[in-house]
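Spelled out from the first residue to the last, the chains are:
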There are 2 protein chains.
Amino acid sequence: MQILNERSRKVLYAVVQSYINYPDPVGSRVVTKKYSFGLSPATIRNIMADLEEMGFLLQPHTSAGRVPTDLGYRYYVDSLVAEGMISYSDIEILQELYRKLETLKNDMDLLLNEATRNLSMMSHYLGIAMSPMPDMTTLKRINLLKYKADAIAAVLLTDEGMIKNKVISVDSEISQKDLNRIAGLLNAEFSGYTFDEIRLKIVREMSKEKIKCDTLISRAMKICQEALSFPFSGLFVSGLAEVLELPDFADLGKIRELSKAIEDKHTIIKLLDKLSESDGVHVLIGSENSEDELKKLSLVVSPCREGDRPIGVVGIIGPTRMNYAKAMYIVEHTAKLITKMFSGR
Amino acid sequence: MQILNERSRKVLYAVVQSYINYPDPVGSRVVTKKYSFGLSPATIRNIMADLEEMGFLLQPHTSAGRVPTDLGYRYYVDSLVAEGMISYSDIEILQELYRKLETLKNDMDLLLNEATRNLSMMSHYLGIAMSPMPDMTTLKRINLLKYKADAIAAVLLTDEGMIKNKVISVDSEISQKDLNRIAGLLNAEFSGYTFDEIRLKIVREMSKEKIKCDTLISRAMKICQEALSFPFSGLFVSGLAEVLELPDFADLGKIRELSKAIEDKHTIIKLLDKLSESDGVHVLIGSENSEDELKKLSLVVSPCREGDRPIGVVGIIGPTRMNYAKAMYIVEHTAKLITKMFSGR
DNA sequence: TATTAGCACTTGACCATTGAGAGTGCTAAC
DNA sequence: GTTAGCACTCTCAATGGTCAAGTGCTAATA
């Protein structure tokens, strides 16, 4: 963090806070008026000119006030964290909102989906959540059920509290008894491994099996491989209508960018996946995001973990002009509540 | 359908088609130029004035051309149907796009979800799809799996090709053997009934059981009741980014309306549910929709059925200025392909 | 030396005016 | 019944002028 003297820092805060509250460039007058420094506008102007030179502020045009740059927000957010300034009194509301989630505690997907709704309602930004990716999802048990003559249903239960199912077509009918035997085999072999690990093991087994050619085992492998091939799109987003009310998304271009960002979920998934193994609340501001789609947005994100196993990621997407303190507070507590709910089941 | 003479009808078509291609009010000059009538603009003007009087056209302002009213679109669409004018040559593209869906044919939810993506890609409007509602979903089989000491997983297989699962918390541990017995009981009792019917039967059983107090049966009923209580949100929507490129959604207000319409899925679900028992392609134009959120949008929708059992609804949502012929074509064939895929499994 | 008052300057927002262009309805002629 | 001609209406884009906000700079001040 770059070193700023007390006075400069206070001015920077004032600008950021004022701009967060009201989306107009901040002039030297309002700084002196709303945030009582013992200084005249002229002095503030000098300080602001310095801050601009250092890259914390910028002027949209000569005769406008100043606006924080991404770097400015970053400084502000870092200070919030360093000084423990995040504190809100509406923890009760938050808990109230999550009380109803209790009934969903055993189904991670439903839980996360509902969480996004709460996140967006409370923050007025986009709520997002993601269940763990295949490399972080460990199989608890696989069950195979006869569905129709030429199809079986595979039901995968995971340690992270998810149920995934997949219908698999088969050429010849298999009895439920055989299915149970196959499932037993698979459980003995794969239970406790992540989906990705299992895929790898299957590939290895398969090449071995080609030689031995045991029909039951190779059949089991094929079925399991298919069972794991469902599209893994565990990303939940909600609150678009909410976000469109913000003045930050008053123009069409920004809305388009946003809707693209949330429609090809790929970018966000990649990003959240990276963070799922970390700890605590992360704040990614505008250009700090490497993906183009997100360069004009900010993310506040926190993983939910049980011990060292990630069980999901929750967060908020909003404009860079975001109420970071509030967003961080909401995300942090949402993550904590989900974690608690999940481990205290 | 109101009676128009040949000439008036042709003018109406010209206006609608021109406006669909290019979103500017259509003047008398363009009608004579692009659509070669043997008439002068003056004559066309007279005809257009008549059409306006009849409610098929309107002028945004005195010196602008004419724009179709919802009634105008309606007349146009009805004529398309009556005259079998819907024909496109890109059926191969459509089939190509759906070939990859073959692998999903056994999982209705995945299939419909993927279908919405195709629908929106092809039409450049919003693709929508809905799986059958609980009153139209018949239970094929229920399976109960032990998940954890205090939780079991219920897996419901339906005749419509859906798998639904629900984790159910229980106070005392139940062995898999008991679960199998319970599942057997439930299957014997409820297989072949719709979810709604089952709910009703349970309520009746429960009141009976209170007297007899057979623990196994009452336990089974409770479990089944919980199993059926998952949130039934079988609505899939995609293509928002696509739709925002249209000039029809150039202003913020319309975007807000649209995003509200698709975010509280309730309205659309209700509408589609009504149509799921009908047949063929339906076109709902703007104000024909009773729900406010949809009054400025048009829907082109078709149910997918196997015999007399609805297996889903697919469709397109777009502006009233929609290419109805193309939309109807796409929706019709998508519905047919899904139906075929499903029955020819 | 740090701060401040004063002032000239820049710029976007707002508003009224204007002219061009598109399209109309009406009337009279064909 | 159709059309040419014309006056009329309305939108849109461009223009220019004023206003208020906010700046940077300079000189005065504590």
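Residues numbered from 1 in each chain as written. Chains lettered and ligands numbered in written order. Predicted model: local features only at pLDDT ≥ 70, side-chain atom pairs only at ≥ 80, totals over all residues. Heavy atoms only, no water.

With that out of the way, let us pick up the interface of chain B and chain A. In this assembly, 41 residues from chain B lie in contact with 41 residues from chain A. Of the roughly 3,600 Å² buried between chain B and chain A, counting both surfaces, carbon and sulfur atoms make up 57%. For the pair chain B and chain A, the interface holds four salt bridges. With a shortest N-O distance of 3.9 Å, A:Lys260 and B:Glu245 are connected by a salt bridge. Counting across the chain B and chain A interface gives 12 residue pairs in polar contact (both at pLDDT 80 or more). (Contact = heavy atoms within 4.5 Å. Buried area = accessible area lost by both parts, 1.4 Å probe. Salt bridge = Lys/Arg side-chain N within 4 Å of Asp/Glu carboxyl O. Polar contact = N/O pair within 3.5 Å; in protein donor to acceptor, adjacent residues only side chain to side chain.)

Here the focus is empty space enclosed by the protein. To find the voids left in a structure, one rolls a probe of water-molecule size over its atoms. All chains considered together, the criterion is met by one cavity of 30 Å³ or more. If you add up the space inside the largest cavity, you get close to 40 Å³. Taken together, A:Leu240, A:Leu244, A:Ile255, A:Ser259, B:Leu240, B:Leu244, B:Ile255 and B:Ser259 form the lining of the largest cavity. Residues of the lining of the largest cavity, tallied by class, amount to six nonpolar, two polar and no charged. (1 Å grid on protein atoms, 1.4 Å probe; cavity = no way out; pocket = protein on both sides within 12 Å on 5 of 7 lines; lining within 4 Å. Points joined across faces, edges and corners; volume = space filled by probe spheres on them. Nonpolar A, V, L, I, M, F, W, Y, C, P; charged D, E, K, R; others polar.)

Okay, the pattern of salt bridges next. One pass over the structure, following the stated rule, counts 38 salt bridges over all chains. Notably, a salt bridge pairs A:Glu332 with A:Lys336, separated by 3.0 Å at the nearest N-O pair. With a gap of four residues between them, A:Glu332 and A:Lys336 both fall in helix α13 (residues 324-343), about one helical turn apart. The exposure class assigned to A:Glu332 is partly exposed, which follows from its relative accessible area of 27%. Taking the shortest distance from any N to any O, the salt bridge between B:Lys166 and B:Glu226 comes out at 3.8 Å. Of this pair, B:Lys166 sits in strand β6 (residues 163-169) while B:Glu226 sits in helix α9 (residues 215-227), and the two are 60 residues apart along the sequence. Residue classification places B:Lys166 among the buried positions, given a relative accessible area of 10%. (Helix = DSSP H or I, 4+ residues; strand = E, 2+ residues; numbered from the N terminus. Buried < 20%, exposed > 50% of the residue type's maximum accessible area, 1.4 Å probe, protein only.)

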